[in-house]
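# Structural characterization, general
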Amino acid sequence: MQEKFERSTMQNLSLIDNKKKNILLIDDDSTLLIYLKNIISKKIDNINIKTINNPKTALQYINSSSFDLIILDVNMPTIDGYQLCQIIKESKKTNNTSIIFVTANNDTLSINKAFQCGAIDYITKPFINDELIARVAVHLKTRLYHDFIIQQNRQLQISEKKYRNILQNNPLGIIETDLNGNILYRNSKFSEIITEKNINNLNDFYYKEDNPTINIITFIQQQFKENKKNVVELILKNKNKQIENIIKTHWTKVPKTKKYIVTLQDITKQRQLEDQMQ
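Since we're looking at a predicted model, the values are computed, not measured. (Residues numbered from 1 in each chain as written. Predicted model: local features only at pLDDT ≥ 70, side-chain atom pairs only at ≥ 80, totals over all residues. Heavy atoms only, no water.)

## Points about the overall build of the protein
Selection criterion: Helix and strand assignments come from DSSP, with helices taken as H or I runs of at least 4 residues and strands as E runs of at least 2, each series counted from the N terminus. Throughout, a residue-residue contact means that at least one pair of heavy atoms, one from each residue, lies within 4.5 Å. In these tables, accessible area is a Shrake-Rupley quantity obtained with a 1.4 Å probe, and a residue counts as shielded only by the protein chains included in the view.
Summing up its helical and strand segments, the protein has nine helices and 10 strands in all. Restricting the contact set of the protein to residue pairs at least 6 apart, pairs at least 24 apart contribute 53%. Per element, the accessible surface of the protein, about 16800 Å² overall, is 49% carbon and sulfur.

## Considerations on the packing of aromatic side chains
Stated precisely, the cut-off is as follows: Side-chain rings of Phe, Tyr and Trp, where Trp is taken by its six-membered ring, are said to pair if the distance between their centres is within 6.5 Å; with planes under 30 degrees apart they count as stacked, over 60 as edge-to-face, and otherwise as tilted. The classification of residues rests on relative accessible area computed with a 1.4 Å probe and restricted to protein chains. Under 20% of the type maximum is buried, over 50% is exposed, and intermediate values are partly exposed.
Enumeration according to the criterion identifies five aromatic pairs in this entry. With centroids separated by 6.2 Å and ring planes inclined at 40 degrees, the aromatic side chains of Phe 101 and Tyr 122 adopt a geometry described as tilted. Residue Phe 101 is located in strand S4 (residues 98-103), and its partner Tyr 122 is located in strand S5 (residues 121-124); the two are separated by 21 residues in the primary sequence. Arranged with centres 5.5 Å apart and planes meeting at 80 degrees, the rings of Trp 251 and Tyr 260 form a pair that is edge-to-face. Under the relative-accessibility criterion, Tyr 260 is labelled buried at 2%. Taken together, the aromatic side chains of Tyr 82, Phe 101 and Tyr 122 make up a single cluster linked through ring pairs.

## As for the sheet that holds strand S10 (residues 259-266)
Selection rule: Here, strands pair whenever DSSP counts at least two bridges between them. Only the contacting stretch of a helix is used when fitting its axis, a line to C-alpha atoms as for every element, and angles between N-to-C directions run 0 to 180 degrees.
Ordered by their spatial adjacency, five strands build an open sheet running S7-S6-S10-S9-S8, and the pairing between neighbours is antiparallel. Single-partner strands in this sheet number two, and they are strand S7 (183-186) and strand S8 (231-237). Averaged over all neighbouring strand pairs, the angle between strand axes comes to 30 degrees, with direction disregarded. Pairing analysis gives three bridges linking strand S6 (residues 173-178) to S7, with the strands arranged antiparallel.

## Side note on helix H5 (residues 108-117)
Worth spelling out the cut-off: As used here, the arc belongs to the directions running from the helix axis to the C-beta atoms.
Taken as a whole, H5 has its buried residues at Ser 110, Ala 114 and Cys 117. The buried side chains of H5 occupy one side of the element, clustering within an arc of 65 degrees when seen end-on. In H5, the exposed residues that point more than 90 degrees away from the buried face are Thr 108, Leu 109 and Gln 116. Buried positions along H5 lie against helix H4 (81-90), S4 and S5. Remark: Gly 118 follows H5 within two positions and exhibits a positive phi of approximately 120 degrees.

## Focus on H4
Short version of the rule: Under the rule applied, a polar contact is a pair of N or O atoms within 3.5 Å (in protein, one hydrogen donor and one hydrogen acceptor; residues adjacent in sequence only if both atoms are side-chain atoms).
What H4 keeps buried is the set Gly 81, Tyr 82, Leu 84, Cys 85 and Ile 88. Looking straight down H4, one finds its buried side chains confined to an arc of 165 degrees; they lie on one side. Looking at the buried residues of H4, the elements they touch are strand S1 (21-26), helix H3 (55-64), strand S3 (69-72), S4, H5 and S5. Near the N-terminus of H4, the side chain that reaches the backbone nitrogen of Tyr 82, with its oxygen 3.0 Å away, is that of Asp 80.

## What about the pairing of strand S9 (residues 243-253)?
Across a regular strand the side chains alternate sides, sitting on one face of the sheet and then on the other. Strand direction decides the pairing type here: S8 and S9, joined by seven bridges, are antiparallel. By the bridge assignment for S9, Glu 233 is matched with Lys 248.

## Description of the pattern of salt bridges
The criterion, for reference: Each salt bridge in this description consists of a side-chain nitrogen of Lys or Arg and a carboxyl oxygen of Asp or Glu lying within 4 Å of one another.
Applying the stated criterion across every chain yields a total of seven salt bridges. For Glu 176, the salt bridge identified is with Lys 259, shortest N-O distance 3.8 Å. Of this pair, Glu 176 sits in strand S6 while Lys 259 sits in strand S10, and the two are 83 residues apart along the sequence. Residue classification places Lys 259 among the partly exposed positions, given a relative accessible area of 32%. Via salt bridges that share partners, Asp 27, Asp 73 and Lys 125 belong to a single interconnected network.

Rendered as structure tokens:
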């Protein structure tokens, strides 16, 4: 499952640059809007650019559409750029939208105010075309990767939930342990097999009845190192030192993690029958 997820991740990463990017340009100067649209569309591929010269109209459009990046001016009638930026950032629907200011205001106060409102960049007029294009390209890619990571995290959470459901409903007892044998997860079947509630580490079991000093985890690690069998019978004794369970365990080391997955099958009755027949 992990390998499948990683393969899917790499395939999706390769598609990021080819994804259509949506940009909204807002400025009361229609001439500048046309100029910005032309220079951006010529240098950046796979983009869809919408231009609006009225901030109130822009606000209505933003609420009904989705944009990867908004570029806007500060000095506009009815609603200035700062107010518009704040409104966008206060809305749950649009607060993740990236915003760049392109404006003639080049004083420190104006620049600080823009960033306080939630802008990710501030470009002053007159700007150098190549610099503006470079910044727009970087922020678009950053936004796309941000969205991608969120999407992958959601998929991973769904996959993790499915994975947990499979473990929980498995007819075998299943546990996850760290490399020291500490039990990190146990399914309901494990709790049916092992009724002792204080089992928190697999070293609470014995590997062999006649040699209770053997450290199970050390033994298992040696088995993996020597490419030997990873099926081991363990013994659990009660407080009176009587055998409570004989458990057949199958060990799997989870790749790229510091965990073992261990399946458990109670073979106590089977071993008791074998002993009676001898």
